[in-house]
Amino acid sequence: MPKNSIHFDISERKVLLRLFDIVFILLTLYFVDSIFDFEYFSISKEKWKWLVVLIVYVSIFGTVFELYDLQKSSKLETFWVSIFLTTSTTVLFNLLTPFFTPLLPESRLQILYFFISILIALLGWRIIYITLITTPRFYKRVLLVGEISNIKSIIRTFKNSDPNYKVVGFVNCEVSDGYEDKIKFTGLQEYHPKDMYHIIKEHSISEVVVATYNSENITPDIYRQLMGLLENGIPIKEYTQVYEELTQRIPVQFVGKDFYKYFPFSRNNQNKMYLLFYRLFDLSISIVGILLGVLFIPLILLGNLIGNKGPLFYIQERVGKNGNLFKIIKYRTMIPNAEKNGAVWAKKNDARITVFGKFLRNSRLDEIPQFINVLKGEMSLIGPRPERPHFVRELSQVLPFYDTRHIVKPGLTGWAQVKTRYGSTVNDSLLKLQYDLYYIKHRSFVLDVNILFKTLSTVIFFRGQ
């Protein structure tokens, strides 16, 4: 068996980031406590509660401020904002919860020490992470076997999803004119099937990815080579499996008549206990959301009076679970009679959206009335975006498995909503559908919590739809 290169998968890198954030913070605080006159946060067995609370704060606020986003963590110019916001919020909450954390110090300089210690610790570890972990020595090297017609989109997907995922070469299993130019365009080296084992050993390739629409294109020669690699312990994965792992989407455009292989939907969709707790959670959050929404009414009334000049609410028919129709309630963000000529896709910089409406959308305040829909059971807190019947009929004709998203309740927020921006084309809807099906397939409390944290990030960074 060829010796594999050392690499870290996406989940492993996220664990590394979280683990060493804490390690570096604790080591820095211990050093500052030992060397300087720093009394506010001393590390000892008697004060273990302080450490637990600090770890919880760093983990929560680091998630909210996207400190563990691998794309941001791989670039010096993008991660410092997340570090500053995480440090500032962690220190602030540490000061505001003295029952669980140290009492306010007499000298305010102690707070500055505390802030700088955490900031330096996070910056120091992230610089080490970029210098070591994101370098080519830790790339996951892959050999691609597939059809040349797919290669451009495949390479783009891999590159955009994981900066440490490197496709080294390509074995073509499709005969087509002009494929040499396509290979040259990607910058990949093409290899003959009989050289696969040698190439894997020479380039320390970690896995082989088979990307083909039609298994009949796998020639007997390639089949024998793949069998030999498998018997020698080389991991061989199917492209849709890798696609799902890297992008956290279901590649419906690559799914054919054997679709049932790709949709072993989460058992939680039928789990009575999960659904009961989920409904109780929906009820409690919707009640809290409605009560908090009352606090924004003066602002929204004033903004609507000045910036919208028309009805405060709009009620629109949407498609819910199992295709049932319901009336959604939202604060109006467009000019009156925005669709007098019929249903139209909303798009970026849509001229129909008012100035105040844009603020409502970016902050997601326009969706507060939907808590009423959640309370009534027509929607859930988390799920696919409820779409209009006209667009559902239209998209169902062109996108495979589009109606599958209706097997769960639509949500006020969801995996697609926090991963993408507002869609205005069929391609945008395809992207959202991939995320929606991923959520339905992997639905769980862990994924739900992840979506809630990402929703907070969306609101804080004004990336509302």
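Keep in mind the model is a prediction, meaning the values are calculated, not measured.

Peer 1: Where do I start with the overall build of the protein in this structure?
Peer 2: Within the protein, the secondary structure is distributed over 18 helices and nine strands. With the C-alpha coordinates of the protein rotated into their principal frame, the extents come out at 70 × 70 × 45 Å. Accessible surface computed for the protein: about 24,200 Å², of which carbon and sulfur atoms make up 63%. When the 56 basic and 41 acidic side-chain charges of the protein are each reduced to a single mean position, those positions are 6 Å apart.

Peer 1: Hey, could you run me through unusual backbone geometry in this one?
Peer 2: Glycine aside, a negative phi is what most residues show, and trans is what most peptide bonds show. One non-glycine residue, Lys-309, lies in the positive phi region at around 50°. Positive phi, normally seen in glycine, also occurs at Asn-322, with a value near 60°. Tracing the backbone through its elements, the reader meets Asn-322 in the loop between strand S6 (313-319) and strand S7 (325-331). Judged by relative accessible area, which is 57%, Asn-322 ranks as exposed.

Peer 1: Looking at this model, I keep getting lost on the nonpolar core. Mind explaining?
Peer 2: Taken as a class, soluble globular proteins show a tendency for nonpolar side chains to be buried jointly. Counting residues in each nonpolar core, the largest one holds 49 residues, and the members touching the most others are Phe-41, Phe-114, Leu-144 and Phe-158. With 10 residues, helix H5 (residues 109-132) is the single largest residue contributor to this core. Non-local contacts of Phe-41, meaning those with residues more than four positions away in its chain, are made with Leu-29, Asp-33, Trp-50, Leu-51, Leu-54, Asn-94, Pro-102 and Phe-114.

Peer 1: Can you help me understand the layout of surface pockets in this one?
Peer 2: In this structure, the largest pocket encloses a volume near 1,500 Å³. Around the largest pocket sit 48 residues that line it, and Asp-69, Gln-248, Lys-419, Tyr-435 and Lys-454 are the ones nearest its centre. Those elements that provide at least two residues to the lining of the largest pocket are helix H1 (10-35), helix H2 (48-64), helix H3 (70-73), helix H6 (151-161), helix H10 (239-247), helix H16 (415-419), helix H17 (426-442) and helix H18 (445-460). Per-element tally for the lining of the largest pocket: the top contributor is H18, with eight residues.

Peer 1: In this structure, what is going on with empty space enclosed by the protein? I would like to understand it.
Peer 2: A probe as big as a water molecule, rolled over the atoms, marks out the empty space that is left. This model, assessed by the stated rule, comprises two cavities of 30 Å³ or more. Along its surface, the largest cavity is lined by Arg-318, Ile-328, Lys-330, Glu-367, Gln-370, Arg-385, Pro-386, Gly-411, Leu-412 and Gln-417. Of the residues in the lining of the largest cavity, the class split is three nonpolar, three polar and four charged. Looking at the second largest cavity, its volume works out to about 30 Å³. Taken together, Val-319, Gly-320, Pro-384, Arg-385, Pro-386, Arg-405, His-406, Val-408, Lys-409 and Pro-410 form the lining of the second largest cavity. When grouped by side-chain class, the residues that make up the lining of the second largest cavity number five nonpolar, two polar and three charged.

Peer 1: Could you clarify how one ought to interpret the pattern of salt bridges in this entry?
Peer 2: Working definition: two side chains of opposite charge can pair if their charged atoms are close together. As enumerated under the stated definition, the model contains 11 salt bridges in all. A salt bridge links Lys-376 to Glu-378; its shortest N-O distance comes to 3.5 Å. Under the relative-accessibility criterion, Lys-376 is labelled exposed at 53%. Overall, the relative accessible area of 23% leaves Glu-378 in the partly exposed class.

Calculation notes
- Residues numbered from 1 in each chain as written.
- Predicted model: local features only at pLDDT ≥ 70, side-chain atom pairs only at ≥ 80, totals over all residues.
- Heavy atoms only, no water.
- Helix = DSSP H or I, 4+ residues; strand = E, 2+ residues; numbered from the N terminus.
- Areas by Shrake-Rupley, 256 points an atom, 1.4 Å probe, with all protein chains shown as cover.
- Lys, Arg positive; Asp, Glu negative; His and termini not counted.
- Charge placed at Lys NZ, Arg CZ, Asp CG, Glu CD.
- Buried < 20%, exposed > 50% of the residue type's maximum accessible area, 1.4 Å probe, protein only.
- Core = buried A, V, L, I, M, F, W, Y, C linked by side-chain atoms within 4.5 Å.
- Contact = heavy atoms within 4.5 Å.
- 1 Å grid on protein atoms, 1.4 Å probe; cavity = no way out; pocket = protein on both sides within 12 Å on 5 of 7 lines; lining within 4 Å.
- Points joined across faces, edges and corners; volume = space filled by probe spheres on them.
- Nonpolar A, V, L, I, M, F, W, Y, C, P; charged D, E, K, R; others polar.
- Salt bridge = Lys/Arg side-chain N within 4 Å of Asp/Glu carboxyl O.

Taken by themselves, the reported measurements are silent on function.
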